[in-house]
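# Residue-level structural notes
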Amino acid sequence: MSLKPFDIEVDAPGDELMEIARRELRETPEMRAQAVEELRALLREAKDMHFSEEEAFLLIFLRPCHFYAESALKMMRRIAEFKKTNHPLLHALKPEEEKLAFVEHNVVNVLTNRDQKGRRVLLVNCGAAWDPKAVSSEQLFRVFFLIHLVAQLEPATQINGVVVVLDFDGLSLKQVKALSPSFSKRLITFIQDAMPLRLKEVHILKQPYIFNMVWALFKPFIREKLKSR
């Protein structure tokens, strides 16, 4: 069933979803309880970070790390470092201030329904539909960041993961210039090191020849795991 725009699903996972979690993430009631307590203990020992110890919050990091508490802690540390490095861009980020970039410009969208595997689908129009003068690359990144904060609140999304569709129809030098090396590095670092979501697939559509210039910007920063997606 499709949701209304801006609705999120925060219901507890049902039996079918928990079977997926068991099969793909090692999640069982016993494993979950053990990993949550272990991660809490690790966080108390870590004097350089301050995160909530509520179970629902810790699951955000444990699920993409397959309930290995030490891996979850490393992810939380990378996220904290990413936020520190990008503090001017992400400090006091408010949805209301980025609403116009999301609602009034046809650049980023999230399907109200999930795909056939229960995954959230993010659509990004990177070509002619994107006017960098109306929505700068920094605004675009802030929208991505806000969307990921909402997505990670959904247990179904934590378990099933997300799919990204990049549409480069009508890509021109105007968009290529906006995709600067600094933006490219920040985005790829975020996806690979500081995004606590299971990125399952990336689809690139309608890429013209000039897309090779965009790929050349991103390629040096992409590790093999992301390439395989």
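The model shown is predicted, which means the values in this text are computed figures rather than measured ones.

### A closer look at the domain arrangement of the protein chain
The domain architecture assigned to the protein chain consists of domain 1 (15–86) and domain 2 (90–228). With 16 residues of domain 1 at the interface, the matching set in domain 2 holds 17 residues. When the two sides are added together, the surface that domain 1 and domain 2 hide from each other amounts to roughly 1600 Å², 68% of it contributed by carbon and sulfur. Contact with domain 2 buries area across many residues of domain 1, yet Leu17, Ile60 and Phe82 alone supply 37% of it, more than any other trio. Where domain 1 touches domain 2, the interface holds one salt bridge. The partner of Arg198 in a salt bridge is Glu24, with the nearest N and O atoms 3.0 Å apart. Viewed at the interface, domain 2 and domain 1 are joined by five residue pairs in polar contact (both at pLDDT 80 or more). Of all the secondary-structure elements, those providing two or more residues to the side of domain 1 that touches domain 2 are helix 1 (15–25), helix 3 (55–62) and helix 4 (69–85).

### Some details on the packing of aromatic side chains
Tallied over the entire structure, the rule returns nine aromatic pairs. Aromatic side chains Phe51 and Phe61 sit 6.0 Å apart centroid to centroid with 65 degrees between the ring planes, which places their arrangement in the edge-to-face category. Remark: Phe61 occurs in helix 3 and Phe51 occurs in the loop between helix 2 (29–45) and helix 3; sequence separation between them is ten residues. Ring centres 5.5 Å apart and planes at 75 degrees place the aromatic pair Phe141 and Phe190 in the edge-to-face group. With Phe141 in helix 7 (residues 137–151) and Phe190 in helix 10 (residues 181–193), this pair connects stretches of sequence that are 49 residues apart. Here Phe141 and Phe190 have matching classes, each one buried. One aromatic cluster in this structure is built from Phe82, Phe141, Phe145 and Phe190. Note that Arg26 overlies the ring of Tyr68, its terminal NZ or CZ placed 3.8 Å from the centroid. When the ring centre of Phe141 is taken as reference, the NZ or CZ atom of Arg186 above it lies at 5.8 Å.

### Comments concerning the packing of helix 3 against helix 4
The interhelical angle for the contact between helix 3 and helix 4, taken along N-to-C directions, is 90 degrees, at an axis separation of 9 Å. The orientation of helix 3 relative to helix 4 falls into the category roughly perpendicular. Across the interface between the two elements, Phe57, Leu58, Phe61 and Leu62 from helix 3 touch Ala69, Ala72, Met75, Met76 and Ile79 from helix 4. The residue inventory of the contact of helix 3 with helix 4, partitioned by class, reads nine nonpolar, no polar and no charged.

### A closer look at the environment of Ala92
With respect to the helices and strands, Ala92 occurs in the loop between helix 5 (87–90) and helix 6 (95–103). We classify Ala92 as partly exposed; its relative accessible area is 46%. For the pair Ala92 and Pro196, spaced 104 residues apart in sequence, the C-alpha to C-alpha distance is 20 Å.

### Describing the sheet that holds strand 1 (residues 108–110)
Strand order in this open sheet of four strands is 1-2-3-4, and the pairing throughout is mixed. The outermost strands of the open sheet, each flanked by one partner alone, are strand 1 and strand 4 (199–205). Pairs of neighbouring strands in the sheet enclose a mean axial angle of 15 degrees, with direction left out of account. For strand 1 and strand 2 (residues 120–125), the ladder comprises three bridges, and the chain directions are antiparallel. Among the inter-strand pairings, Asn109 is bridged to a residue of strand 2, identified as Leu123. Running at roughly 15 degrees to strand 1, helix 7 makes contact with strand 1 and strand 2 of the sheet.

### Details of unusual backbone geometry
For residues that are not glycine, phi is negative in most cases, and the peptide bond is trans in most cases. The phi dihedral of Arg26 is positive, around 70 degrees, even though this residue is not glycine. Residue position: Arg26 is located in the loop between helix 1 and helix 2. Its identity is not glycine, yet Lys206 carries a phi of approximately 55 degrees, on the positive side. Within the secondary structure, Lys206 sits in the loop between strand 4 and helix 11 (211–218). Here Lys206 falls in the exposed class, since its relative accessible area comes to 52%.

Conventions used here
Residues numbered from 1 in each chain as written. Predicted model: local features only at pLDDT ≥ 70, side-chain atom pairs only at ≥ 80, totals over all residues. Heavy atoms only, no water. Domains from an automatic or database assignment. Contact = heavy atoms within 4.5 Å. Buried area = accessible area lost by both parts, 1.4 Å probe. Salt bridge = Lys/Arg side-chain N within 4 Å of Asp/Glu carboxyl O. Polar contact = N/O pair within 3.5 Å; in protein donor to acceptor, adjacent residues only side chain to side chain. Helix = DSSP H or I, 4+ residues; strand = E, 2+ residues; numbered from the N terminus. Phe/Tyr/Trp six-rings, centres within 6.5 Å; stacked < 30°, edge-to-face > 60°. Buried < 20%, exposed > 50% of the residue type's maximum accessible area, 1.4 Å probe, protein only. Lys NZ or Arg CZ within 6 Å of the ring centre and 35° of its normal. Axes fitted to C-alpha atoms, helices over the stretch in contact; angles between N-to-C directions. Parallel < 35°, antiparallel > 145°, perpendicular 65-115°, else oblique. Nonpolar A, V, L, I, M, F, W, Y, C, P; charged D, E, K, R; others polar. Pairing = 2+ DSSP bridges.

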